[in-house]
Amino acid sequence: LATDNIYACLICGKYYQGRSVLSPAYTHSIQNNHYIFINLHTHKIYCIPDNYEIIDNTLNDIKLNLLPIYQPINLQKLNDNKLLVKDIYGINYLPGYIGMNNFSASDYINVSIHLLAHVKPIRDYMLLFDNTS
């Protein structure tokens, strides 16, 4: 998968390249009736296959979660939080520790990331890391 022109389906969370008629994203939208995609670089949201940008303020929270910015106070709240929340399927989870999509037997990587996320110094370093410099 190339790193440019990547779109995430906002229905199922899968990633595809391009949005042209010959692109995997277009094929996915037609075959699965999933029409809403976000460009992971520009954060613009499109309706595929109709190929128009969706401009709607109710989608801003999705855009903000693509590149979350953490401050030390946010990490302290993660440490102190004991309140479970429910996902879309009604399953309880502790915010900050949710699973990832399994792509071709990548269970081991999912487990490794979960393990590292529970080691507070490593988690804090990764969440506070400034990759803009």
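About the criteria used
- Residues numbered from 1 in each chain as written.
- Predicted model: local features only at pLDDT ≥ 70, side-chain atom pairs only at ≥ 80, totals over all residues.
- Heavy atoms only, no water.
- pLDDT = per-residue confidence, 0-100.
- Helix = DSSP H or I, 4+ residues; strand = E, 2+ residues; numbered from the N terminus.
- Core = buried A, V, L, I, M, F, W, Y, C linked by side-chain atoms within 4.5 Å.
- Buried < 20%, exposed > 50% of the residue type's maximum accessible area, 1.4 Å probe, protein only.
- Contact = heavy atoms within 4.5 Å.
- Arc of directions from axis to C-beta.

1. Side note on the confidence of the model for the chain
When pLDDT is averaged along the chain, the result is 86; 90% of the residues meet or exceed 70. When the elements of the chain are averaged for pLDDT, helix α4 (residues 107–117) gives the smallest value, 82, and strand β4 (residues 45–47) the largest, 96.

2. Quick look at the nonpolar core
Within the largest apolar cluster, 8 residues are counted, these being Y7, C9, Y16, A25, Y26, F37, Y46 and I48. For this core, the elements supplying multiple residues, two or more each, are β1 (6–9) and α1 (24–32). When sequence neighbours within four positions are dropped, the list of residues in contact with A25 reads Y16, Q17, G18, F37 and I48.

3. Let's talk about α1
Those residues of α1 that fall on the buried side of the exposure criterion are A25, Y26, H28 and S29. Summarising the axial view, the buried residues of α1 lie within an arc of 160°, below the 170-degree limit, and thus occupy one face. The inward-facing, buried residues of α1 abut β1, β2 (15–17) and β3 (36–39). Of the residues trailing α1, N33 is marked for its positive phi of about 55°.

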